[in-house]
Each structure stands twice: as C-alpha cells, then as structure tokens.
Amino acid sequence: MIFNYSFVPALDSLYDMEQGYGFAAAPAGSKNEELKDSWPGDYFSPAVPTLLMDVPNGNYTVTLEIGSPDTSAVTTVREGLGRIRLLELKTGPGEITTRIFAVHVEDGVLKLAFGGAAPSVRQVTVNRVSSIPTLFLAGDSTVTDQASGQFPYTGWGQMIGLYLDEDIAVANHARSGRSARTFIEESRLLRIAKRLRKGDFLLVQFAHNDEKETEEGAGPFTTYQHYLKQYIDLARSAGAYPVLVAPMHRRFFEEDGAIRNTHGDYIEAMRQLAVREAVPFVDLASLSKVYFEELGEARSKQVFLWAEPGQYANLPEGAEDNTHFSEAGAIEMARLVAKGLQQTEADKLKQHLISNIGGSLI
C-alpha cells in the first residue's frame, strides 16, 4: 500500500476531516498517560497548534524542508506524544535544509508540532515505509511517554528518537508504576506481541517497581529474572531482537559524593540473565552513576524534576523528585542509552544510531 502527503504547512489551514489533515489546537493538555491522547503542540510553552494527518497505522518517514529565505530561524519539531525529533535546529537567512525521521503510528493520526524561536518549516512530506523496523520499548515511568498535562515530567523513551536515524521507528509501550510482572499481567506484553515483526527490536527496562514487590518468593534472582525471560523469549519467537537495559540510579548521594544504589541486587540479576541468555545488556546503571557523580549533588537536580513553586503551570507547588526526569534530563538519559547501545553487541540496532551522539547538554 502506497500512502503519502506532501504540502506546505500553513497555520491557517485548519484540520478538516474530508481533506484528512490540518492544524488544530487542543483545548487543554492531557493528564491521563493511559489514554495516550496528548498532542505534541501541548508540550511547547506556550502551546502551539498541532498538525494532524489521518493515515493508516504503520511506520512512516517524515521529510521536512526547514529554513527561511529572509530570516534566521530556530526550529524544534515534536511528533506523537511530545517526542522531540529535531532540537533547536538553527538556520540562517536563505539557508534551507532537509531533515528526515521515522514515525510509528498506531491510532490512525500522525501528529507533528513546530516550535522554537521563529520556527520555519516550508514543506512536509510523509511516506509510508512498511519495511523499516520498529523499536518497541517496555518499561516504567522513567521510560514512558508522559502526558502533556504532566510536563515537564519526561521519560527517556520520549527522547530516544533524537539519537536514531530515519530508518527505524519507535513504539513506546512503557507505563508508569509497572514492574516486569504487572506489565505482563495487564496484557501489555501481549499487545507488543501482536505487533512485533521479524527484524524489530524490544528494549526492556524494569526494576524501580519490581523491588517494591513483596509476595512470597519475589526477588531479583527469582521472579524478576523469570518475568524478564518472558520478554526475551517473546522477542526471539517473533524473529525480533531483545535488549535488556539496567535501571538508572535515583538521585541519592552518599556523604562522600558517591551515588547510592537503591536497586539492591536487581541490576546484577539483570546482568547475569543477559549473560546467561546471550542478550545485549545496556548498563544504564553504571553510566548514570558516573554521570550523576560527575555533575554532583547540586547540578544533578537539573536532570531530575526539581522545580520551584509556580515555575511550571503543571506543578504549581513545585517538585523535588529524585526518580523522574525533566525534559532536559530525559534527553540525557536517552543519550546514555544510546551510548550504552554503542558498547553492546546489538549490531543490528547500533547501525540505526546517529553518528554523533555528543556529550551532556547540562
């Protein structure tokens, strides 16, 4: 099936069901992560209209022609549930550049939003490309697509696309509060199983909530490994490639400035399972420990969701959260995941990483 759009995005072109595309403004940001109904324009401050395009479910490449013939521009592009695909792309007067990225659509609507300092998008072209693989994410609140009404809370799954090329799309199935067990019991892994194809990838990060489970026999080397193996087996049965991602550390420092391990033996349990099952293992625990210790106790607050009262409309009382991330922090976690992938034997996935992952922006 061939499907494509190509048009100049005029902000005064309102969404029309008959033509199947156009801009619209949501009446408010969504507070419900489960509904997955947030629009990317609502993740900008102030909110901007969202370009809605009715399309069949599947994977698409989006080609954007960016720049202005007369003025300088700084353009940030978000798609879907607030996922940043281009971050503050600078173009000078008369400089026109093309950028391409992939998008996974599962609700019949491809959503784009353009913001920044005088953003300029001159042309949008959308093509359905069923041959490109999908990177499925399974995890908890540190990975999930946080709802727009919760901004600036952000999961690293919303930012991983910044470090991927245009030949792979991302489907983020992570949900807040889930463990490796409850994700399966709520049929969330089954939902992935129904979509997983040969050549796709499944990244799995759990532990934050698993370590809270107290039923008889529960533990890192028993139930945790048992459930994680089900993700591995599922991926392999579909001809897909599983990757285990160790949980990042929380922001708790010892008196000597070292990060405290609040995950107990769960990190080691995942590492041992990865070795036993010959699965690529991203040691995000070690990478985050080094990174947080380099930043120190004060600067590391920028990674997590620390905010003064009134700083954000969605956090009127402020926040002091040492587990979840700000948008800038989620970008850093996604960068560490990409860096960790570079260090693994996940060769087929590594080829989809951009060539220049870069360093910390904090």
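Since the model is a prediction, treat every value here as computed from it, not as a measurement.

**Points about the sheet that holds strand S7 (residues 97-105)**
Read from one edge of the open sheet, 4 strands run S1-S9-S4-S7, paired in antiparallel fashion. The open sheet terminates on both sides in strands that have one partner only, identified here as strand S1 (4-7) and S7. Pairwise comparison of adjacent strand axes, ignoring direction, gives a mean angle of 15° for this sheet. As judged from the 7 bridges shared by strand S4 (residues 58-66) and strand S9 (residues 121-128), these two strands associate in the antiparallel manner. From the neighbouring strand, Leu-64 faces S9, where its bridge partner is Val-124.

**Examining the pairing of S4**
Judged by how many residues are buried, S4 sits mostly within the fold: 7 of 9 residues are covered. Where S4 meets S7, 9 bridges bridge the pair, whose relative direction is antiparallel. Within S7, the residue paired with Glu-65 across the bridge is Thr-98.

**Quick look at the sheet that holds strand S5 (residues 73-79)**
Read from one edge to the other, the open sheet built from 5 strands follows the order S2-S3-S8-S5-S6, with strand pairing classed as antiparallel. Pairing within the sheet leaves two strands with one partner each, and these edge strands are strand S2 (21-24) and strand S6 (83-91). Neighbour-to-neighbour, the strand axes of the sheet open up by a mean angle of 20°, direction not taken into account. Pairing geometry for S5 and strand S8 (residues 109-115), over 4 bridges, is antiparallel. Within the sheet, the bridge partner assigned to Val-77 lies in S8 and is Phe-114.

**Brief notes about the environment of Tyr-291**
Summarising the element assignment, Tyr-291 is placed in helix H5 (residues 284-299). Between the alpha carbons of Tyr-291 and Ser-360 there is a distance of 9.0 Å; along the sequence they are 69 residues apart. If near-sequence neighbours (up to four positions away) are discounted, Tyr-291 is found in contact with Val-303, Glu-332, Met-333, Arg-335, Leu-336, Ser-360 and Ile-362. One polar contact links Tyr-291 to Ser-360, side chain to side chain, over a distance of 2.8 Å.

**Considerations on unusual backbone geometry**
For the bond from Ser-45 to Pro-46, the omega torsion is 0°, close enough to zero to count as cis. Residue Pro-152 is reached from Phe-151 by a cis peptide bond, and omega for that bond is 20°. Along the chain, the position of Pro-152 falls in the loop between strand S10 (134-139) and strand S11 (169-172). Even without a glycine there, the phi angle at Ala-118 is positive, about 55°. Within the element layout of this structure, Ala-118 appears in the loop between S8 and S9.

**What to know about the packing of H5 against helix H6 (residues 327-342)**
At a minimum axis separation of 10 Å, H5 and H6 run at an interaxial angle of 130°. The angle between H5 and H6 places the two elements in the oblique class. Here H5 runs over H6; the crossing is right-handed. Residues Leu-284, Leu-287, Ser-288, Tyr-291 and Phe-292 of H5 touch H6, and the partners they reach there are Glu-332, Met-333, Arg-335, Leu-336, Val-337, Lys-339 and Gly-340.

**Concerning the packing of helix H3 (residues 220-237) against helix H4 (residues 266-277)**
Packing of H3 against H4 brings their axes to within 10 Å, and their N-to-C directions diverge by 40°. The angle between H3 and H4 places the two elements in the oblique class. Taken as a pair, H3 and H4 cross one another with a handedness that is right-handed. Only Tyr-266, Glu-268, Ala-269, Met-270, Gln-272, Leu-273, Arg-276 and Glu-277 of H4 make contact with H3, whose side of the interface consists of Pro-220, Phe-221, Tyr-224, Gln-225, Leu-228, Lys-229, Ile-232 and Arg-236.

**Regarding the nonpolar core**
Inside soluble globular proteins, nonpolar side chains tend to come together where they are buried. One finds Leu-135, Trp-156, Leu-203, Val-303, Met-333 and Leu-349 to be the most contacted residues of the largest nonpolar core, which totals 42 residues. Secondary structure elements with two or more residues in this core: S10, strand S12 (201-205), strand S13 (241-245), H5 and H6. A per-element tally of this core places H6 first, with 8 residues. Not counting residues up to four positions away in its chain, the partners in contact with Leu-203 are Leu-135, Phe-136, Leu-137, Ala-138, Trp-156, Val-243, Val-245, Val-337 and Leu-349. By size, the runner-up hydrophobic cluster in this structure holds 32 residues, among which are Ile-184, Val-204, Ala-207 and Ile-232.

The rules behind the values
- Residues numbered from 1 in each chain as written.
- Predicted model: local features only at pLDDT ≥ 70, side-chain atom pairs only at ≥ 80, totals over all residues.
- Heavy atoms only, no water.
- Pairing = 2+ DSSP bridges.
- Helix = DSSP H or I, 4+ residues; strand = E, 2+ residues; numbered from the N terminus.
- Axes fitted to C-alpha atoms, helices over the stretch in contact; angles between N-to-C directions.
- Buried < 20%, exposed > 50% of the residue type's maximum accessible area, 1.4 Å probe, protein only.
- Contact = heavy atoms within 4.5 Å.
- Polar contact = N/O pair within 3.5 Å; in protein donor to acceptor, adjacent residues only side chain to side chain.
- Parallel < 35°, antiparallel > 145°, perpendicular 65-115°, else oblique.
- Left-handed = near helix turned anticlockwise from the far one by under 90°.
- Core = buried A, V, L, I, M, F, W, Y, C linked by side-chain atoms within 4.5 Å.

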